[in-house]
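# Working through the structure, step by step
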Amino acid sequence: MIETPQPSPARIEAVAFADMGAPLEETRQALIACCRDILAEVEPRDRDIVNRALPVLQNLTCKIAVIGQVKAGKSSFISSLVGRPDLLPSDANPWTTVVTNLHFENRDPPAESVLFTFFSGDEWRRIAEGGGPLRELTERLVPGFDAGVLTAQLEAMRRRAEQRLGRNFKTMLGQSHSFSKVDREVLARYVSAGSDSLDVSSGWLSDITKSADLYIGSPRKGLPITIVDTPGTNDPLLVRDEITRLNVSSGDLFVVMLTAQQPLSSADIALLRLLRGLHKDRLVVFLNRVDGLADPADNVDRVIAHIEERLQGEFPGARLPIVAGSARWASLAIAGSDTEVAAVFAPSIRDYARKLGLDVTATIDAGDLPATRVVLMTLSGIPDVVAAIGRTMQHGSAGYALHQQAQMLFHLAQSSERAQLGQIRALRRALDETRSNAETRKGQLQAWRQELEQLDAASRQLQENLTFYEQSLAAIVARCGNDLRLLLGECLGRFVDQQLEDLHLRFQQRRKQTWRSDPSALRKDLQQEFLRVYGYWEGMLQQVDSQIMTELKRLMPRFAAPAESSSDPSDGPLLPAPGFDGLGRTQVFDLSTPWWRSWWSAQPTAAELASKLERLLRGEFDPLILDLIAAATATLEERSRQAARQARLCTLDIVDGIRRRSAELMGGLQADPGAASPETVRRLAAELQIAEKTVLRWGDLRTRLSTLLAQCHIMLDEKGTG
Amino acid sequence: MIAAIPGGVEQVSVMPDGIDPAHFVSRLAQIRRVVADRLGATPAGASTARLLARLEAPLSRPLRVAVLGDTNSGKTTIINRLLGRDLLVADVIQNTRLAALVRYARVPSLLLRDAAGDLHPVGSGGVEVRHLGRGCSIELGLPLSRLEGLELIDMPGLVPGADPPAWPQHGPSPDIAIWCTMATQAWRATEIATWRALHRPSRTSLLVATRSDLLPTTDRSKVLGRLQSEAGSLFQSIVMTPPENGGEDVLVPALDATVSALRAVRCRKAAGIIRRHSERLEGPGHATRELVPAANKA
């Protein structure tokens, strides 16, 4: 026969228990991993939030208190639950006197140790005095509670401890003992009532032991938990009763132990009311000692129905899970001998197994003992209660804490992701702008540079033009003067020659008369000649002037500041034409004048006469001519000066305009050196790449956290059913 | 007075220590009849006869044994055990709602005593609702020999903090009380509180640890030991049921012992009253004196 490997009995409940709260643990570990990943990504200012969340998650644990009346089977239940049937000492009489905490911390590597803490001097007194809502509820709900009796019993405990420990008593108060191995005998010494004898073995130190902390090393996939074994309520020894109640306040979740024989007696009801008074409503009810029922197949359902009905009265609306079973069966399934296991299955038990849908024939009847153990384990209710506890944990404080942290981390990831996306958008925009800017910018810069050059050239050209212009004007004036001198001199010369000739003629005619020298012809000549030359050169000047001004006018709108416009060059003051008044006087040579007579009587020669006349005429007209020339020159000079000034002003305006524009351009060129530079583009592109990778990571974190948050929601919403 | 009785008085021989209550009562009845018949006419005789009648009534009626305990502590099972047969319904969940008085009756009968004290027969059609209510109780009459001289009261589970139990009305309160506690969770604080509130003398109280079949054999003595140390002062005796395999029943003998002890005490008290009465009637008349020693010896 092929042997199908059965899970060995010692591992059955261990698997179930090890997985208790596994969904919570998975979520917790995943959240811790998310925290670490977030710390790698997150802004420094958000680091604090995550650094606060991490220890909350790392230290998350669920405290499960097993409570119930004395001798309901709590210690046996816990031992079976954790898969170590002989772990916690128990006895026929109320045994546990001390609160025992079993810590399952999922440490790796697993390590076991146990720590016993003793009462300090005050703590006993504080137990007697009590106080707060707990004492009030106790006095109200717990019949038989008598603070006086409690004090008396505490005193008795103290005396017994002193008797047992002698000298050591005082020194041991407030101390603690620790061991590196968890051992039933050691436990018994500290946590068990023992007998009243002064026997060293059992219960020797229980009177002064306040609590025992067992650190159990077995690896688990479930949430770290602490299981609290309490002495039990309704204990005639009120101290134990009171100690149980004191530890009730700190539990997250409670397993209420009832017995099938006396389910929900008044003391159980009082306990439940106490819990309700302390607002503790995460309960799992375990109906123990089903093995003591005569006919479980019939009885269990009826007992459960009875309990449910009464629970509805106490906790209306709450659907508390109720699991029926037997710690003793579990203990046998794990560690009992084959005979013991087989002996369990009396007909009534077989009926019960059948009723629960277990295959009796293939296992028990077939004598398959490993399979029978599995059946017995199922009957014991331990797997079911583990499942119920696991579900209740989910909507307990652990579930809420995980939910809260998941929510906070999710929002952090979401907002970081959004911020990152925003940054990416900004970077993309900047990059695009920069890129397009770079092109237009290049062209623009080029154009600007060109323009600058042009402006430079234009400016220089203008300067040159101006200089040339001024030179031209000067030249015109000079040439005008020269021409005038020349031509007017010629005129005069002609006139003089002609007058001399005339004189000569007259002289030859010997008419002694006065000779008039009429310069009107000369005047006319001179005038004509003057006007001609002057006009010519004036025209030249005008031409040059207008050429320049046109050019300047053309340039001006481009460069000159629009606000101020220099005076219109064409609106120059009109210069008067030089006057010819000097030429109006008639020169009358009175040949009969005495001085003339003397000269005449001297009977000068013709040549002398001629030269004298010439001298006279020239003496007379040369200055006139010079005057004319001077006047003309002055006028022209004035004219040209004004024109030059106009031109200069215009040019300066233009040059100013050029200079301003150049300054603008220079400024523009220098303004965004980076915007246009290829390094900027590269830098932006690199930043964008990094940002895109970061946002992917944030998105991944957000998705993970969103999934975890959904898991937390599911865990919270799932109501454990019985 | 007695001297006036012709024929004298017969000697009643009774052992002073080991009083036989049944014998005493029957003798007392005899004497009363004699006195009534022969001396009833005289005032002394009439008063003596009345006294004797008064003493006889409580001594001859059956003793009431109330079975008390927390819910589901096994009270009804105990009664069935005492009756010697599974008659009352004992169930897994708490069942007994009304006090049930089980007494001897030659003809089996089931009666409901309502709050006013009236008895109504319970037929197959049940009982009219208007008769039910607080203070109701059942009276069951059975022709069982065990019930001769005893009345058993099966009480519903006592809720601590509530008023002391309403004994079935219109009858004397119980003479003997049996407290039932489950052996596996024996003698808890609530039980202590409830028991103390009843103020029962230990002489007439029994503590029974039930469902001891759920205890491993080795633990029986441990539990008994604890019960003895914690509750020994409150009870006449502490026993465990059911007996171990092959063991003898201890419950019935314990109850019988308590019952006899109680009767013996009462008889002794009655004898004392008679003696003092006869001393008051002291006068010449040796018959009285003779009666008195006889009564004294009874």
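Now for a description of the structure that goes with this document. (Residues numbered from 1 in each chain as written. Chains lettered and ligands numbered in written order. Predicted model: local features only at pLDDT ≥ 70, side-chain atom pairs only at ≥ 80, totals over all residues. Heavy atoms only, no water.)

This next bit is on the overall build of chain A. Counting its secondary structure elements, chain A contains 24 helices and nine strands. Out of the 722 residues in chain A, the part that is buried amounts to 50%. Within chain A, contacts between residues separated by at least 24 positions form 84% of all contacts whose residues are at least 6 apart in sequence. Summing over all exposed atoms, chain A offers an accessible surface of approximately 34400 Å²; the carbon and sulfur share of this is 52%. (Helix = DSSP H or I, 4+ residues; strand = E, 2+ residues; numbered from the N terminus. Buried < 20%, exposed > 50% of the residue type's maximum accessible area, 1.4 Å probe, protein only. Contact = heavy atoms within 4.5 Å. Areas by Shrake-Rupley, 256 points an atom, 1.4 Å probe, with all protein chains shown as cover.)

Counting buried positions over the eight residues of helix H4 (residues 74-81) of chain A gives seven, a clear majority of the element. Immediately downstream of H4(A), the backbone of Gly83(A) shows phi near 85°, a positive value.

The next subject is helix H2 (residues 43-60) of chain B. All names here are of chain B. Its 18 residues place the ends of H2 25 Å apart at the C-alpha level, agreeing with the 26 Å of an ideal helix rising 1.5 Å per residue. When H2 is considered as a whole, its buried residues turn out to be Gly-45, Thr-48, Ala-49, Leu-51, Leu-52, Leu-55, Glu-56 and Leu-59. Projected onto a plane normal to the axis of H2, the buried residues spread over an arc of 165° and lie on a single side. Every exposed residue of H2 that faces more than 90 degrees away from the buried side is listed here: Pro-43, Arg-50 and Arg-54. (Expected span 1.5 Å × (residues − 1). Arc of directions from axis to C-beta.)

Here we come to the nonpolar core. Note that soluble globular proteins tend to have their nonpolar side chains buried in a common cluster. Residues and elements named next belong to chain A. Phe-77, Leu-102, Ile-227 and Met-393 are the most contacted members of the largest nonpolar core, which totals 142 residues. Of the residues forming this core, the biggest block, eight residues, is contributed by helix H19 (residues 397-509). Setting aside residues no more than four positions away along its own chain, Ile-227 makes contact with Phe-17, Ile-64, Val-66, Ile-78, Leu-81, Val-82, Thr-100, Asn-101, Leu-102 and Phe-104. Formed by 52 residues, the second largest nonpolar core is a distinct cluster that contains Cys-480, Leu-613, Phe-621 and Leu-624. (Core = buried A, V, L, I, M, F, W, Y, C linked by side-chain atoms within 4.5 Å.)

Attention shifts here to the sheet that holds strand S9 (residues 322-324) of chain A. All names here are of chain A. Spatial strand order, S4-S3-S5-S2-S6-S1-S7-S8-S9: nine strands in an open sheet with mixed pairing. Of all the strands in the sheet, just strand S4 (176-179) and S9 have a single pairing partner and so form its edges. Along the sheet, successive strands turn relative to each other by an average axial angle of 20°, direction set aside. Of the strand pairs in this sheet, strand S2 (residues 99-104) and strand S6 (residues 225-229) are connected by five bridges, and their pairing is antiparallel. Bridging across to S6, Leu-102 finds its partner in Ile-227. (Pairing = 2+ DSSP bridges. Axes fitted to C-alpha atoms, helices over the stretch in contact; angles between N-to-C directions.)

The next subject is the packing of aromatic side chains. Here the distance between the centres and the angle between the planes together describe a pair of aromatic rings. This structure, assessed with the given rule, holds 12 aromatic pairs over all chains. Ring geometry for Phe116(A) versus Phe179(A): centroids 5.9 Å apart, planes at 70°, classification edge-to-face. Note that Phe116(A) is positioned in strand S3 (residues 113-118) and Phe179(A) in strand S4, a separation of 63 residues in sequence. Measuring from centroid to centroid gives 5.8 Å for Trp179(B) and Trp195(B), while their planes differ by 70°, and the two rings are edge-to-face. Here Trp179(B) is found in strand S7 (residues 176-182), whereas its partner Trp195(B) is found in helix H4 (residues 189-198), with 16 residues between them in sequence. For Trp179(B), a relative accessible area of 1% puts it in the buried group. Chaining the aromatic ring pairs together yields one cluster made of Phe116(A), Phe118(A), Phe179(A) and Tyr190(A). (Phe/Tyr/Trp six-rings, centres within 6.5 Å; stacked < 30°, edge-to-face > 60°.)

Attention now goes to the interface of chain A and chain B. The interface of chain A with chain B comprises 27 residues on the first partner and 26 residues on the second. For the pair chain A and chain B, the interface holds zero salt bridges. Along the contact surface separating chain A from chain B lie six residue pairs in polar contact (both at pLDDT 80 or more). Going through the elements one at a time, helix H11 (266-277) and helix H12 (296-314) of chain A are the ones with two or more residues in the side of chain A that touches chain B. Looking at the side of chain A that touches chain B element by element, the count peaks at five residues for H12(A). Partitioned by chemical class, the residues of the side of chain A that touches chain B number 10 nonpolar, 12 polar and five charged. (Salt bridge = Lys/Arg side-chain N within 4 Å of Asp/Glu carboxyl O. Polar contact = N/O pair within 3.5 Å; in protein donor to acceptor, adjacent residues only side chain to side chain. Nonpolar A, V, L, I, M, F, W, Y, C, P; charged D, E, K, R; others polar.)

Bringing the environment of Ile67(A) into the picture now. Residues and elements named next belong to chain A. The topology assignment puts Ile-67 in strand S1 (residues 62-68). Sequence-wise, Ile-67 and Val-256 are 189 residues apart; in three dimensions their C-alpha atoms are separated by 5.1 Å. When near neighbours in sequence (up to four residues on either side) are disregarded, Ile-67 contacts Lys-74, Thr-230, Val-248, Phe-254, Val-255, Val-256, Met-257, Leu-271 and Leu-275.

So far we have only geometry, and geometry alone does not tell us how the molecule works.
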